Amino acid sequence: MKVSVITPCFNAASSIAHTIESFLAQHHGEKEMIVVDGASRDGTQDVVRRYGRDGVRLISEPDRGMYDALNKGFAAFDGDVVGALNADDTFHDRHVLGRIADALTGADIVFGDLNFVVDHASKRIVRRWRGGARPRGGFRTGWMPAHPTFYIRREVADAVGPFDLSLATASDYDFMLRAVELFDHRTVHIDAVLVDMMQGGRSTASLSAHIRHNIEALTSRRKWLNAPLVDQALVRKPARKIGQFLVR
């Protein structure tokens, strides 16, 4: 089973080598990484090209942001399975893609756990995302998987369609909601940390970004799940994340 990893980036020369090297270190042999760069001006392309012979492909051209870059990557991948790894993040260990491939032999969608870290040198953890299996009610009750751990079969990607560029911070949420809730896809939670994510992502970088993300997530639920003007997930989704700072 070939696993494709899409890495969107822009001006990531200082961090993307960590990301690529964590991909190359994976023991799973059938793999590819597609780096979709938004025409960076800091030498990102030069860093990526150093790894070109090792199954790392580069697309570099102006884009409309991360979700546009993901759409380009999802249109270009060759694998049986696809997911995304951001340019500031790394796989947690050498066995992640193998675990994903193994889990997808009996599922259409898999996802796992995630650590937020201060940096990739110390790997000091500041937050632990332990999503667990999809509960009854799923996205309607505030649950969601961690997108950097979310991998799907090609047929799922074809069915779900592209990321919605009208959503500035919650298009990944909307994509996962459609994949999980609108189809009869088999989902499996991998009970292991799959990704170490740098703290400070775009949806949690500030209070205003956090509020915007949750409003956009509600917009997605209203569109696809017929949620009311205010639903229980609007409260329970942020509440679930508070617990991530307490998990040990």
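The preceding data block contains the structure.
The rules behind each value
- Residues numbered from 1 in each chain as written.
- Predicted model: local features only at pLDDT ≥ 70, side-chain atom pairs only at ≥ 80, totals over all residues.
- Heavy atoms only, no water.
- Helix = DSSP H or I, 4+ residues; strand = E, 2+ residues; numbered from the N terminus.
- Rg over C-alpha atoms; globule rule 2.2 N^0.38 Å.
- Buried < 20%, exposed > 50% of the residue type's maximum accessible area, 1.4 Å probe, protein only.
- Contact = heavy atoms within 4.5 Å.
- Areas by Shrake-Rupley, 256 points an atom, 1.4 Å probe, with all protein chains shown as cover.
- Lys, Arg positive; Asp, Glu negative; His and termini not counted.
- Charge placed at Lys NZ, Arg CZ, Asp CG, Glu CD.
- Pairing = 2+ DSSP bridges.
- Right-handed = clockwise from strand over helix to strand, strands pointing away.
- Phe/Tyr/Trp six-rings, centres within 6.5 Å; stacked < 30°, edge-to-face > 60°.
- Lys NZ or Arg CZ within 6 Å of the ring centre and 35° of its normal.
- Core = buried A, V, L, I, M, F, W, Y, C linked by side-chain atoms within 4.5 Å.
- Salt bridge = Lys/Arg side-chain N within 4 Å of Asp/Glu carboxyl O.
- Polar contact = N/O pair within 3.5 Å; in protein donor to acceptor, adjacent residues only side chain to side chain.

Concerning the overall build of the protein
Across its full length, the protein holds eight helices and nine strands. Relative to a compact globule of 248 residues, whose C-alpha radius of gyration would be 18 Å, the protein shows 17 Å and is just as compact. Structurally, the protein occupies a C-alpha span of about 50 × 40 × 35 Å along its principal axes. Going through the 248 residues of the protein one by one, you find that 54% of them count as buried. The long-range share in the protein, meaning contacts at least 24 apart out of those at least 6 apart in sequence, stands at 75%. For the protein, the computed accessible surface area is about 11000 Å², with 51% contributed by carbon and sulfur atoms. Looking at charge distribution, the protein has the averaged site of its 33 positive side-chain charges lying 6 Å from that of its 30 negative ones.

Quick look at the pairing of strand β9 (residues 187-198)
Note that strand β5 (residues 90-91) and β9 share two bridges and pair antiparallel. Across the sheet, the residue bridging to Thr90 is Asp196, located in β9. The pairing of strand β6 (residues 109-117) with β9 spans eight bridges and is parallel. Residue pairing for β9: Phe111 is matched across the bridge by His189.

Description of the pairing of strand β3 (residues 56-60)
Note: strand β2 (residues 31-37) against β3, five bridges, orientation parallel. In the sheet register, Val36 faces β3, and the bridge partner there is Ile59. On the question of chirality, the crossover connecting β2 to the parallel β3 by way of helix α2 (residues 44-49) is right-handed.

With respect to the packing of aromatic side chains
What the rule picks out here adds up to nine aromatic pairs. Here the aromatic rings of Phe74 and Phe175 are separated by 5.7 Å at their centres, their planes lie at 80°, and the arrangement is edge-to-face. Linking Phe74 in helix α3 (residues 66-76) with Phe175 in helix α6 (residues 171-181), this pair joins segments that are 101 residues apart in sequence. Summarising the burial analysis for this pair, Phe74 and Phe175 share the class buried. An angle of 10° between the planes, with centres 4.3 Å apart, marks the rings of Phe163 and Phe175 as stacked. Of the two residues, Phe163 sits in the loop between α5 (154-160) and α6 while Phe175 sits in helix α6, which places them twelve residues apart along the sequence. The exposure classification of Phe163 matches that of Phe175, with both residues buried. Three or more aromatic residues joined by ring pairs make a cluster, and in this case those are Tyr67, Phe74, Phe77, Phe163 and Phe175. Lys31 extends its terminal NZ or CZ atom over the ring of Phe23, reaching a point 5.7 Å from the ring centre.

Focus on the nonpolar core
Ile100 and Tyr151 are the most contacted members of the largest nonpolar core, which totals 66 residues. Of all the elements, α6 adds the most residues to this core, at six residues.

Examining the pattern of salt bridges
Applying the stated criterion across every chain yields a total of twelve salt bridges. Between Arg134 and Glu181 there is a salt bridge whose closest N-O contact spans 2.7 Å. Residue Arg134 is located in the loop between β7 (125-129) and β8 (151-153), and its partner Glu181 is located in helix α6; the two are separated by 47 residues in the primary sequence. The partly exposed category is assigned to Arg134, whose relative accessible area is 36%. Connected through salt bridges with shared partners, the residues Glu32, Arg57 and Asp78 form a single ionic network.

Here's the deal with the side chain of Lys31
With respect to the secondary-structure elements, Lys31 resides in strand β2. The buried charged residue Lys31 lacks any salt bridge partner; its closest oppositely charged side chain belongs to Glu30, at an N-O distance of 8.8 Å. At 3.4 Å, the side chain of Lys31 and the backbone oxygen of Gln26 are in polar contact. Looking at Lys31, its side chain comes within polar contact range of the main-chain oxygen of His28, at 3.3 Å. Setting aside anything within four residues of it in sequence, one finds Lys31 in contact with Lys2, Val3, Phe23, Leu24, Gln26 and Leu97.

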